[in-house]
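Chain and residue survey
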Amino acid sequence: MKADLHIHTTASDGTMSPQEVVCCAREVGLSHIAITDHDTVNGLLALREMGELEKKGLIIIPGIEFSADLPGYEVHILGYNFDYSHPALRERLREITADRDKRARQMVDKMTELGYHVAFDRVIELAKGADSIGRPHIARALIEKGYFKNYHEVFQCLLDKGKPAYIPHYRMSPDEIIQLVERIGGVPVLAHPGLIGNDDIVNMLIQKGVQGLEVYHPKHDIGDTSRYLRLARQYHLLISGGSDFHGISGRYPENLGVFTVSAELAVNICYNKMNYFT
Ligand code: AMP
Ligand code: ZN
Ligand code: FE
Ligand code: FE
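These notes cover the structure that comes with them.

Analysis parameters
Numbering of residues starts from 1 in each chain and follows the order in which that chain's sequence is written. Each chain takes a letter, starting from A, and each ligand takes a number, starting from 1, following the order in which they are written. In keeping with the model being predicted, local features are shown solely for residues with a pLDDT of at least 70 and side-chain atom pairs are shown and tallied solely at 80 or more, while totals for entire chains, interfaces and linings include all residues. Here the side-chain values reflect all heavy atoms present in the structure, with hydrogen atoms and water set aside. The rule for donors is simple: N, O or S, within 2.8 Å of the metal, or within 3.2 Å if the metal is Na, K or Ca. Water isn't counted, so a site may look like it is missing partners. Helix numbering and strand numbering both begin at the N terminus, where a helix is a DSSP run of H or I of at least 4 residues and a strand a DSSP run of E of at least 2. Under the scheme applied here, a residue whose accessible area is under 20% of the maximum for its type counts as buried, over 50% as exposed, and between as partly exposed, the area being computed with a 1.4 Å probe on protein chains only. For every element, the axis is a line fit to its C-alpha atoms; helices are fit only across the contacting stretch, and the angle between N-to-C directions ranges from 0 to 180 degrees. Orientation is classified from the angle alone, with under 35 degrees giving roughly parallel, over 145 giving roughly antiparallel, 65 to 115 giving roughly perpendicular, and any other angle giving oblique. In a left-handed crossing the near helix is turned counterclockwise from the far helix by less than a right angle, and in a right-handed crossing that turn is clockwise. Throughout, a residue-residue contact means that at least one pair of heavy atoms, one from each residue, lies within 4.5 Å. When residues are sorted by character, Ala, Val, Leu, Ile, Met, Phe, Trp, Tyr, Cys and Pro go into the nonpolar class, Asp, Glu, Lys and Arg into the charged class, and all the rest, Gly among them, into the polar class. To estimate how far a helix should reach, multiply one less than its number of residues by 1.5 Å. What is meant by a nonpolar core is a set of buried Ala, Val, Leu, Ile, Met, Phe, Trp, Tyr and Cys residues, joined one to another through side-chain atoms within 4.5 Å. Consider each residue's heavy atoms; a residue with any of them within 4 Å of a molecule or strand counts as near. Under this definition, polar contacts are N or O atom pairs within 3.5 Å; protein pairs additionally need one hydrogen-donor-capable and one acceptor-capable atom, and for neighbouring residues in sequence, both atoms have to be side-chain atoms. Surface accessibility in these figures is a Shrake-Rupley result with a 1.4 Å probe; residues are shielded only by whichever protein chains are displayed.

With that settled, consider the coordination of the iron ion (ligand 3). Tetrahedral coordination by four donors places them ideally at 109.5 degrees to one another around the metal; octahedral coordination by six donors ideally gives 90 or 180 degrees. All of the protein donors around the iron ion (ligand 3) are Glu 65 (OE), His 76 (ND1) and His 192 (NE2); their distances to the metal are 2.0 to 2.2 Å. Between the iron ion (ligand 3) and the iron ion (ligand 4), the interatomic distance is 3.4 Å, and Glu 65 donates to each metal, bridging them. Of this pair, Glu 65 sits in strand β3 (residues 59-68) while His 76 is found in strand β4 (residues 75-80), placing the two residues eleven residues apart along the sequence. Each of the two residues, Glu 65 as well as His 76, counts as buried.

Two numbers describe how helix α3 (residues 87-113) lies on helix α7 (residues 174-183): the axes approach to 9 Å, and their chain directions differ by 140°. Of the possible angle classes, the one that applies to α3 and α7 is oblique. Crossing of α3 over α7 shows left-handed handedness. Here Ala 88, Leu 89 and Arg 92 of α3 lie close against α7, whose contacting residues are Glu 176, Leu 180 and Arg 183. Classifying every residue of the contact of α3 with α7 by side-chain character gives three nonpolar, no polar and three charged.

Once that is clear, we can look at α3. For α3, with 27 residues, the first-to-last C-alpha span of 39 Å sits near the 39 Å given by 1.5 Å per residue. Along α3, the residues classified as buried are Ala 88, Leu 89, Arg 92, Leu 93, Ile 96, Thr 97, Arg 100, Arg 103, Ala 104, Met 107, Val 108 and Met 111. Packing partners of the buried residues in α3 comprise β3, α4 (120-126), α5 (135-144), α6 (151-159) and α7. Just downstream of α3 lies Gly 115, where phi reads positive at about 100°.

What follows covers the coordination of the iron ion (ligand 4). Looking at the metal site, the iron ion (ligand 4) is ligated by His 6 (NE2), His 8 (NE2), Glu 65 (OE) and Asp 244 (OD), spaced 2.1 to 2.2 Å from it. The distance between the iron ion (ligand 4) and the zinc ion (ligand 2) is 4.9 Å. Within this pair, whereas His 6 is found in strand β1 (residues 2-7), its partner Asp 244 is found in the loop between β7 (238-241) and β8 (261-262), the two being separated by 238 residues in sequence. The burial state of His 6 is the same as that of Asp 244; both residues are buried.

Another point: the packing of α5 against α6. It is at 10 Å that the axes of α5 and α6 come closest, and there the two elements cross at 105°. Put simply, α5 runs roughly perpendicular to α6. Across the interface between the two elements, Arg 135, Pro 136, Ala 139, Arg 140, Leu 142 and Ile 143 of α5 pack against Tyr 151, Val 154, Phe 155, Leu 158 and Leu 159 of α6. Tallied by class, the residues present in the contact of α5 with α6 amount to nine nonpolar, no polar and two charged.

On to the nonpolar core, then. Ile 33 and Leu 213 are the most contacted members of the largest nonpolar core, which has 67 residues in total. Once you skip the residues sitting within four places of it in the chain, Ile 33 turns out to touch Asp 4, Leu 5, Ile 7, Val 21, Val 22, Ala 25, Leu 58, Ile 59, Ile 60 and Ile 61. One finds Met 107, Met 111, Ala 127 and Ala 141 within the second-largest nonpolar core, a separate group that totals 25 residues.

Neighbouring ligand 1 are Asp 13, His 38, Arg 100, Arg 103, Gly 134, Arg 135, Pro 136, Phe 155, Asp 160, His 169, His 246 and Arg 251. Asp 160 places a side-chain nitrogen or oxygen 3.3 Å from a nitrogen atom of ligand 1. Bound to the protein, ligand 1 loses 78% of the 500 Å² it would expose on its own. Residue assignment for the shell around ligand 1 shows that the elements contributing at least two residues are α3 and α5. For the shell around ligand 1, the per-class residue count stands at two nonpolar, four polar and six charged.

Moving on to the environment of Leu 158. Locating Leu 158 in the fold gives a position in helix α6. Accessibility expressed as a relative area gives 2% for Leu 158, which makes it buried. Between the C-alpha atom of Leu 158 and that of Gly 129, which follows or precedes it by 29 residues, the distance is 24 Å. If we ignore the near neighbours within four places in the chain, the residues touching Leu 158 are Met 111, Leu 114, Tyr 116, Leu 142, Phe 148, Lys 163, Pro 164, Ala 165 and Tyr 166.

Following this line, the structure appears as C-alpha coordinates:
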(Lines give C-alpha, C1' and ligand atoms only; values in the text may rest on other atoms or scores of the structure.)
(Ligands and ions follow the chains in the order given, each with its own letter.)
Protein backbone atom coordinates (compact mmCIF):
# COMPACT_ATOMS: atom_id res chain seq x y z
CA MET A 1 0.00 0.00 0.00
CA LYS A 2 1.30 3.40 -1.03
CA ALA A 3 0.80 6.85 0.46
CA ASP A 4 1.59 10.47 -0.35
CA LEU A 5 1.71 12.78 2.68
CA HIS A 6 2.51 16.10 1.01
CA ILE A 7 0.01 17.36 -1.58
CA HIS A 8 -1.06 20.88 -2.60
CA THR A 9 -4.43 21.72 -4.19
CA THR A 10 -6.15 24.80 -5.64
CA ALA A 11 -6.92 25.86 -2.05
CA SER A 12 -3.31 27.13 -2.13
CA ASP A 13 -0.87 27.03 -5.05
CA GLY A 14 -1.64 23.61 -6.56
CA THR A 15 -3.40 23.35 -9.91
CA MET A 16 -5.71 20.40 -9.16
CA SER A 17 -8.83 20.88 -7.04
CA PRO A 18 -9.16 18.84 -3.83
CA GLN A 19 -11.74 16.63 -5.57
CA GLU A 20 -9.47 16.09 -8.60
CA VAL A 21 -6.60 15.15 -6.27
CA VAL A 22 -8.79 12.62 -4.46
CA CYS A 23 -10.08 11.18 -7.73
CA CYS A 24 -6.55 10.90 -9.12
CA ALA A 25 -5.18 9.38 -5.90
CA ARG A 26 -7.83 6.64 -6.14
CA GLU A 27 -7.02 6.04 -9.81
CA VAL A 28 -3.32 5.54 -9.15
CA GLY A 29 -4.06 3.24 -6.21
CA LEU A 30 -2.92 5.26 -3.21
CA SER A 31 -4.35 4.09 0.12
CA HIS A 32 -3.53 7.22 2.19
CA ILE A 33 -3.01 10.86 1.24
CA ALA A 34 -2.52 14.05 3.21
CA ILE A 35 -3.69 17.37 1.75
CA THR A 36 -1.08 19.87 3.00
CA ASP A 37 -1.91 23.25 1.53
CA HIS A 38 0.05 26.36 2.49
CA ASP A 39 -1.71 28.18 5.37
CA THR A 40 -5.23 26.87 4.67
CA VAL A 41 -7.56 23.97 5.42
CA ASN A 42 -10.19 25.02 2.86
CA GLY A 43 -9.41 21.99 0.69
CA LEU A 44 -10.25 19.70 3.60
CA LEU A 45 -13.44 21.61 4.36
CA ALA A 46 -14.50 21.27 0.70
CA LEU A 47 -13.84 17.52 0.75
CA ARG A 48 -15.80 17.13 3.99
CA GLU A 49 -18.68 19.05 2.44
CA MET A 50 -18.65 16.68 -0.55
CA GLY A 51 -18.66 13.63 1.71
CA GLU A 52 -15.27 12.51 0.35
CA LEU A 53 -13.73 11.97 3.79
CA GLU A 54 -16.09 9.14 4.71
CA LYS A 55 -15.72 7.20 1.46
CA LYS A 56 -13.93 3.86 1.63
CA GLY A 57 -10.72 2.96 -0.16
CA LEU A 58 -8.74 6.14 0.42
CA ILE A 59 -7.88 7.62 3.79
CA ILE A 60 -7.48 11.39 3.68
CA ILE A 61 -5.36 12.74 6.54
CA PRO A 62 -5.88 16.40 7.45
CA GLY A 63 -2.70 18.37 6.84
CA ILE A 64 -1.28 21.86 6.46
CA GLU A 65 2.09 23.43 5.60
CA PHE A 66 3.25 26.50 7.51
CA SER A 67 6.30 28.65 6.71
CA ALA A 68 8.24 29.54 9.85
CA ASP A 69 9.81 32.87 10.66
CA LEU A 70 13.52 32.12 10.87
CA PRO A 71 15.55 34.88 9.23
CA GLY A 72 17.96 33.65 6.60
CA TYR A 73 16.31 30.22 6.28
CA GLU A 74 13.29 28.78 4.52
CA VAL A 75 11.75 26.49 7.13
CA HIS A 76 8.42 24.74 6.52
CA ILE A 77 6.54 22.82 9.19
CA LEU A 78 3.76 20.39 8.33
CA GLY A 79 0.87 19.65 10.67
CA TYR A 80 -0.94 16.30 10.43
CA ASN A 81 -4.11 14.75 11.77
CA PHE A 82 -5.56 17.70 13.66
CA ASP A 83 -8.98 19.22 14.26
CA TYR A 84 -9.19 21.49 11.24
CA SER A 85 -12.37 23.14 12.54
CA HIS A 86 -10.63 24.32 15.73
CA PRO A 87 -11.35 28.04 16.32
CA ALA A 88 -7.74 28.79 17.31
CA LEU A 89 -6.55 27.46 13.95
CA ARG A 90 -9.28 29.16 11.92
CA GLU A 91 -8.57 32.51 13.59
CA ARG A 92 -4.81 32.32 12.91
CA LEU A 93 -5.35 31.20 9.31
CA ARG A 94 -7.72 34.11 8.70
CA GLU A 95 -4.95 36.51 9.73
CA ILE A 96 -2.28 34.80 7.66
CA THR A 97 -4.37 34.50 4.48
CA ALA A 98 -5.52 38.14 4.80
CA ASP A 99 -1.86 39.13 4.98
CA ARG A 100 -1.08 36.96 1.93
CA ASP A 101 -3.78 38.81 0.02
CA LYS A 102 -2.34 42.19 0.97
CA ARG A 103 1.17 41.04 0.10
CA ALA A 104 0.04 39.77 -3.33
CA ARG A 105 -1.46 43.19 -4.09
CA GLN A 106 1.83 44.83 -3.07
CA MET A 107 3.80 42.45 -5.31
CA VAL A 108 1.50 43.23 -8.25
CA ASP A 109 2.08 46.96 -7.60
CA LYS A 110 5.83 46.34 -7.60
CA MET A 111 5.50 44.47 -10.89
CA THR A 112 3.73 47.48 -12.40
CA GLU A 113 6.52 49.78 -11.24
CA LEU A 114 9.00 47.40 -12.84
CA GLY A 115 7.09 47.51 -16.14
CA TYR A 116 5.22 44.18 -15.90
CA HIS A 117 1.53 44.91 -16.23
CA VAL A 118 -0.67 42.28 -14.65
CA ALA A 119 -4.07 42.93 -13.10
CA PHE A 120 -4.60 41.78 -9.52
CA ASP A 121 -8.09 40.59 -10.53
CA ARG A 122 -6.53 38.32 -13.14
CA VAL A 123 -4.16 36.88 -10.51
CA ILE A 124 -7.22 36.07 -8.39
CA GLU A 125 -9.06 34.51 -11.36
CA LEU A 126 -6.07 32.31 -12.17
CA ALA A 127 -5.90 31.30 -8.50
CA LYS A 128 -9.20 29.44 -9.05
CA GLY A 129 -10.74 30.36 -5.70
CA ALA A 130 -7.57 29.75 -3.66
CA ASP A 131 -7.87 30.83 -0.05
CA SER A 132 -4.11 31.22 0.31
CA ILE A 133 -2.60 33.41 -2.43
CA GLY A 134 1.07 32.85 -3.20
CA ARG A 135 3.82 33.78 -5.57
CA PRO A 136 2.96 30.99 -8.07
CA HIS A 137 -0.42 32.66 -8.71
CA ILE A 138 1.30 35.89 -9.69
CA ALA A 139 3.76 33.90 -11.80
CA ARG A 140 0.82 32.38 -13.74
CA ALA A 141 -0.45 35.85 -14.67
CA LEU A 142 3.02 36.92 -15.87
CA ILE A 143 3.44 33.76 -17.96
CA GLU A 144 -0.05 34.20 -19.44
CA LYS A 145 0.87 37.73 -20.52
CA GLY A 146 3.94 36.35 -22.29
CA TYR A 147 6.54 38.08 -20.11
CA PHE A 148 8.14 34.72 -19.17
CA LYS A 149 8.15 31.15 -20.50
CA ASN A 150 7.82 29.28 -17.20
CA TYR A 151 7.76 29.53 -13.39
CA HIS A 152 11.50 29.02 -13.16
CA GLU A 153 12.15 32.15 -15.26
CA VAL A 154 9.68 34.30 -13.29
CA PHE A 155 11.11 33.29 -9.92
CA GLN A 156 14.68 33.69 -11.10
CA CYS A 157 14.02 37.18 -12.46
CA LEU A 158 11.43 38.63 -10.06
CA LEU A 159 9.97 36.50 -7.31
CA ASP A 160 12.75 34.55 -5.59
CA LYS A 161 13.89 35.90 -2.24
CA GLY A 162 16.12 38.94 -2.91
CA LYS A 163 14.69 39.57 -6.41
CA PRO A 164 13.01 42.91 -7.18
CA ALA A 165 9.34 41.93 -6.73
CA TYR A 166 9.81 39.69 -3.67
CA ILE A 167 7.94 40.56 -0.50
CA PRO A 168 7.94 38.16 2.46
CA HIS A 169 4.60 37.02 3.86
CA TYR A 170 3.64 36.93 7.51
CA ARG A 171 5.07 33.89 9.30
CA MET A 172 4.63 32.49 12.80
CA SER A 173 7.69 31.53 14.82
CA PRO A 174 8.63 27.82 14.88
CA ASP A 175 7.52 27.69 18.55
CA GLU A 176 4.13 29.14 17.75
CA ILE A 177 3.57 26.72 14.85
CA ILE A 178 4.52 23.70 17.00
CA GLN A 179 2.30 24.88 19.86
CA LEU A 180 -0.66 25.60 17.57
CA VAL A 181 -0.46 22.21 15.81
CA GLU A 182 -0.28 20.41 19.16
CA ARG A 183 -3.09 22.50 20.64
CA ILE A 184 -5.43 21.38 17.85
CA GLY A 185 -4.48 17.74 18.42
CA GLY A 186 -2.02 17.36 15.56
CA VAL A 187 1.54 16.25 14.94
CA PRO A 188 4.16 18.85 13.84
CA VAL A 189 6.60 17.45 11.27
CA LEU A 190 9.59 19.28 9.82
CA ALA A 191 9.08 19.52 6.03
CA HIS A 192 11.94 18.79 3.59
CA PRO A 193 14.78 19.34 6.13
CA GLY A 194 17.34 18.98 3.35
CA LEU A 195 16.12 22.21 1.75
CA ILE A 196 16.98 24.21 4.88
CA GLY A 197 20.64 23.69 4.05
CA ASN A 198 21.85 23.65 7.65
CA ASP A 199 21.48 20.68 9.97
CA ASP A 200 22.12 22.84 13.05
CA ILE A 201 18.73 24.41 12.34
CA VAL A 202 17.22 20.94 11.89
CA ASN A 203 18.61 19.89 15.28
CA MET A 204 17.37 23.11 16.87
CA LEU A 205 13.84 22.42 15.55
CA ILE A 206 13.98 18.87 16.92
CA GLN A 207 14.87 20.35 20.32
CA LYS A 208 11.96 22.78 19.97
CA GLY A 209 9.60 19.82 19.63
CA VAL A 210 8.85 18.78 16.05
CA GLN A 211 7.62 15.20 16.36
CA GLY A 212 8.60 14.01 12.91
CA LEU A 213 10.88 14.54 9.93
CA GLU A 214 9.88 14.50 6.28
CA VAL A 215 12.65 12.09 5.35
CA TYR A 216 11.33 11.28 1.86
CA HIS A 217 10.97 14.27 -0.46
CA PRO A 218 11.62 14.61 -4.23
CA LYS A 219 14.31 17.24 -3.63
CA HIS A 220 16.28 15.08 -1.15
CA ASP A 221 19.20 13.14 -2.54
CA ILE A 222 20.21 9.72 -1.21
CA GLY A 223 22.57 11.35 1.30
CA ASP A 224 19.80 13.59 2.70
CA THR A 225 17.37 10.69 2.96
CA SER A 226 19.75 8.41 4.83
CA ARG A 227 20.96 11.21 7.12
CA TYR A 228 17.42 12.24 8.16
CA LEU A 229 16.36 8.62 8.52
CA ARG A 230 19.22 8.18 11.01
CA LEU A 231 18.32 11.40 12.80
CA ALA A 232 14.64 10.42 13.05
CA ARG A 233 15.61 7.05 14.54
CA GLN A 234 18.08 8.65 16.94
CA TYR A 235 15.45 11.00 18.37
CA HIS A 236 12.48 8.58 18.07
CA LEU A 237 10.71 10.88 15.62
CA LEU A 238 7.96 9.97 13.17
CA ILE A 239 9.21 9.39 9.64
CA SER A 240 7.18 11.07 6.94
CA GLY A 241 7.36 11.65 3.22
CA GLY A 242 5.49 12.89 0.22
CA SER A 243 5.70 14.24 -3.29
CA ASP A 244 5.03 17.97 -2.58
CA PHE A 245 2.73 17.65 -5.59
CA HIS A 246 1.58 20.97 -7.09
CA GLY A 247 0.40 19.72 -10.50
CA ILE A 248 2.74 22.13 -12.26
CA SER A 249 4.34 21.01 -15.51
CA GLY A 250 8.11 21.03 -15.31
CA ARG A 251 8.10 20.48 -11.55
CA TYR A 252 8.81 16.88 -10.54
CA PRO A 253 6.63 14.93 -9.94
CA GLU A 254 4.11 16.09 -12.51
CA ASN A 255 1.62 13.36 -11.53
CA LEU A 256 0.35 11.74 -8.38
CA GLY A 257 1.49 8.18 -7.76
CA VAL A 258 4.98 8.80 -9.17
CA PHE A 259 6.65 9.61 -5.83
CA THR A 260 5.12 7.62 -2.98
CA VAL A 261 5.99 6.29 0.47
CA SER A 262 4.93 3.20 2.37
CA ALA A 263 1.42 3.47 3.82
CA GLU A 264 2.91 2.30 7.11
CA LEU A 265 4.27 5.85 7.60
CA ALA A 266 0.76 7.27 7.24
CA VAL A 267 -0.61 4.74 9.72
CA ASN A 268 2.10 5.66 12.25
CA ILE A 269 1.22 9.35 11.98
CA CYS A 270 -2.50 8.62 12.33
CA TYR A 271 -2.18 6.47 15.42
CA ASN A 272 0.29 8.71 17.18
CA LYS A 273 -2.60 10.91 18.23
CA MET A 274 -6.38 10.91 18.22
CA ASN A 275 -7.88 10.66 14.74
CA TYR A 276 -9.75 13.51 13.12
CA PHE A 277 -10.60 11.98 9.79
CA THR A 278 -14.06 13.47 9.54
P1 AMP B 1 4.84 31.88 -1.21
O2 AMP B 1 4.27 30.94 -0.19
O3 AMP B 1 3.80 32.78 -1.79
O4 AMP B 1 6.06 32.63 -0.75
O5 AMP B 1 5.30 30.97 -2.44
C6 AMP B 1 6.07 29.83 -2.20
C7 AMP B 1 5.76 28.79 -3.25
O8 AMP B 1 6.28 29.21 -4.50
C9 AMP B 1 6.43 27.46 -2.95
O10 AMP B 1 5.64 26.65 -2.16
C11 AMP B 1 6.61 26.89 -4.31
O12 AMP B 1 5.41 26.23 -4.71
C13 AMP B 1 6.80 28.09 -5.20
N14 AMP B 1 8.22 28.41 -5.49
C15 AMP B 1 9.14 28.92 -4.64
N16 AMP B 1 10.31 29.12 -5.27
C17 AMP B 1 10.13 28.72 -6.56
C18 AMP B 1 10.96 28.66 -7.72
N19 AMP B 1 12.24 29.08 -7.69
N20 AMP B 1 10.42 28.18 -8.87
C21 AMP B 1 9.14 27.76 -8.92
N22 AMP B 1 8.31 27.78 -7.85
C23 AMP B 1 8.79 28.26 -6.69
ZN1 ZN C 1 3.71 25.66 -2.93
FE1 FE D 1 7.51 23.44 1.51
FE1 FE E 1 4.81 21.94 -0.01
